[in-house]
Amino acid sequence: MIPFLDLPAIQLRQRRALHEALDRVLDRGWFILGDEVAAFEREFAAFCQAGEAVGVGSGLDALVLALRACGIGPGDEVLVPSHTFIATWLAVTQVGATIVPVEPLEGCMTMDPRQLEAALTPRSRAVLPVHLYGQPADLAPILDLARRHGLRVIEDAAQAHGARYRGRRIGAHGDLVAWSFYPGKNLGALGDGGAVTTDDAGLAERLRLLRNYGSTQKYRHETVGVNSRLDELQAAFLRAKLPLLEADNAQRQRIAARYLAGLAGHPRLRLPEVRAGAEPVWHLFALRHPQRDALAQALQQRGIATGVHYPLPPHLQGAYADLGWPAGRLPQAEAMAAQLLSLPIGPTMTLEQADQVIAALRELA
Ligand SMILES: *Cc1c(COP(=O)(O)O)cnc(C)c1O
């Protein structure tokens, strides 16, 4: 059996270090906004080549607080990919702003920057590119358009820990970068967690206020904040795990390279494309096949687990029924939802296992 992602094995590699992290927090007896969070924020910011990191409760909260820190709310429009995990959309909805969907590029599957200009209105306030599956979105034209039109750029990097764009890590290309440490991400906690990174000290200060009841001094509340803090225990676990991230990403890159070489030229498989200047970290390896469901079933019978990311685009979810957007409204996102299949990939997977997946696909696809 080849699992889709062997999450238990990933944690158990570090049993000793994780127990030590727990003991450190227990011995200190301080659980919210203490030394572990402060240290992790420094270490993660350095890793991301960003000036600052602010730890928050989840990836969704990181997006919501980033939007709020930029003052985005009702009446404002935010350009988001039509093809993404629904959290990207939910964040915009949560602050009361309006979603303006932008269709994906066919090969790289990230937001198509050529479609941005036509989607702008006088109410446009921000662009929210997603570094989907671990591949950086095409940031240069997005940043250029944002500069020309006075828009904020908030990046959803929940799948892109360690990815590089034009040689520089994802972390502060745009104004604010939102991260998730959900257990299955490339850098995952043992529970929920998130962060925002930035080079803008003023925005970082605003985020620190918002995440902690709008307060910097106990019982003084300067703004209507929320309770969304990365906790000491998760920060301690993340500090134990961060040193492994580069090697873990390198193994993902080796597996992706194996897939790309081993499946090249297959008549029915559409492989993911990597754009020039992008160094993806392969959170997922998602390819397309016209009979996706039958292929997934056949692979399952061979003992190969796969996933679908994602089977239904946000605009066709019950959550967005109010928009009244019918099927056919965002055809590229819909075609991807129908055809995408994610192959097993992860830091504890071996190249021999990748070869077994390739052999099965060559026979079954
Ligand atoms: C996981 C994910 C999120 C949300 O992160 P949580 O920590 O689960 O809230 C947001 N965007 C993308 C693209 C994700 O993959």
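Residues numbered from 1 in each chain as written. Predicted model: local features only at pLDDT ≥ 70, side-chain atom pairs only at ≥ 80, totals over all residues. Heavy atoms only, no water.

(A) Structural detail: the site of the ligand. Inspection of the region around the ligand gives S58, G59, L60, F85, A87, V130, D156, A158, Q159, S180 and K185 as its neighbouring residues. In this structure, an oxygen atom belonging to the ligand sits 2.8 Å away from a main-chain N or O atom of L60. S180 is positioned with one of its side-chain polar atoms (N or O) 2.6 Å from an oxygen atom of the ligand. For the ligand, whose unbound accessible area comes to 380 Å², protein coverage reaches 91%. Counting atoms within 2 Å of the grid points, the majority share of the ligand lands in the largest pocket. Classifying every residue of the shell around the ligand gives 5 nonpolar, 4 polar and 2 charged. (Near = heavy atom within 4 Å. Polar contact = N/O pair within 3.5 Å; in protein donor to acceptor, adjacent residues only side chain to side chain. Areas by Shrake-Rupley, 256 points an atom, 1.4 Å probe, with all protein chains shown as cover. 1 Å grid on protein atoms, 1.4 Å probe; cavity = no way out; pocket = protein on both sides within 12 Å on 5 of 7 lines; lining within 4 Å. Sits in = over half its atoms within 2 Å of the grid points. Nonpolar A, V, L, I, M, F, W, Y, C, P; charged D, E, K, R; others polar.)

(B) Looking closely at the sheet that holds strand 9 (residues 194-198). Spatial strand order, 1-9-8-5-4-2-3: 7 strands in an open sheet with mixed pairing. One side of each edge strand has no neighbouring strand; the edge strands of this open sheet are strand 1 (52-56) and strand 3 (98-102). When the angles between neighbouring strand axes are averaged without regard to direction, this sheet yields 25 degrees. Bridging between strand 1 and strand 9 involves 5 bridges; their strand directions are antiparallel. (Pairing = 2+ DSSP bridges. Helix = DSSP H or I, 4+ residues; strand = E, 2+ residues; numbered from the N terminus. Axes fitted to C-alpha atoms, helices over the stretch in contact; angles between N-to-C directions.)

(C) Broad picture of empty space enclosed by the protein. Counted by the stated rule, this structure contains 3 cavities of 30 Å³ or more. In this structure, the largest cavity occupies an estimated 130 Å³ of space. Contributing to the lining of the largest cavity are 18 residues, with I10, K185, N186, K241 and D248 lying nearest its centre. The set of elements that each furnish at least two residues to the lining of the largest cavity consists of helix 1 (7-12) and helix 10 (245-263). Among the residues forming the lining of the largest cavity, the class breakdown is 8 nonpolar, 5 polar and 5 charged. Counting the residues that make up the lining of the largest cavity, at least three belong to each of domain 1 (7-102 + 109-242) and domain 2 (244-364). The space that makes up the second largest cavity amounts to roughly 60 Å³. Lining of the second largest cavity is provided by C108, M109, L132, Y133, Q135, P272, E273, P280, W282, L284 and A286. Within the lining of the second largest cavity, the residues separate by chemical class into 9 nonpolar, 1 polar and 1 charged. The residues that make up the lining of the second largest cavity include at least three from each of domain 1 (7-102 + 109-242) and domain 2 (244-364). (Points joined across faces, edges and corners; volume = space filled by probe spheres on them. Domains from an automatic or database assignment.)

(D) Structural detail: the layout of surface pockets. Each pocket or cavity is described by its volume, and for the largest pocket that value is around 560 Å³. Together, 31 residues line the largest pocket, and F85, Q159, Y182, K185 and H283 are the ones closest to its centre. Sorting the residues of the lining of the largest pocket by element identifies helix 4 (59-69), helix 5 (87-94) and strand 8 (176-180) as the ones contributing at least two each. Taken together, the residues of the lining of the largest pocket break down into 17 nonpolar, 10 polar and 4 charged. Both domains that furnish three or more residues to the lining of the largest pocket are identified here as domain 1 (7-102 + 109-242) and domain 2 (244-364). In this model, the second largest pocket occupies a volume close to 350 Å³. Lining the second largest pocket are 14 residues, with L33, N212, S215, K218 and R229 sitting closest to its centre. A class-by-class count of the residues in the lining of the second largest pocket yields 5 nonpolar, 5 polar and 4 charged.

(E) Region of interest: helix 13 (residues 351-364). Spanning 14 residues, helix 13 covers 20 Å between terminal C-alpha atoms, matching the ideal 20 Å at 1.5 Å per step. As for helix 13, its buried residues are in contact with helix 10, helix 11 (292-301) and strand 12 (340-343). (Expected span 1.5 Å × (residues − 1). Contact = heavy atoms within 4.5 Å.)

(F) Focus on the sheet that holds strand 10 (residues 278-279). On the basis of which strands lie adjacent, the open sheet formed by 3 strands has the order 7-6-10 and antiparallel pairing. The open sheet has two edge strands with one neighbour each: strand 7 (168-169) and strand 10. One ladder, built from 2 bridges, connects strand 6 (residues 164-165) with strand 7; its direction is antiparallel. Residue pairing for strand 7: R164 is matched across the bridge by R169.

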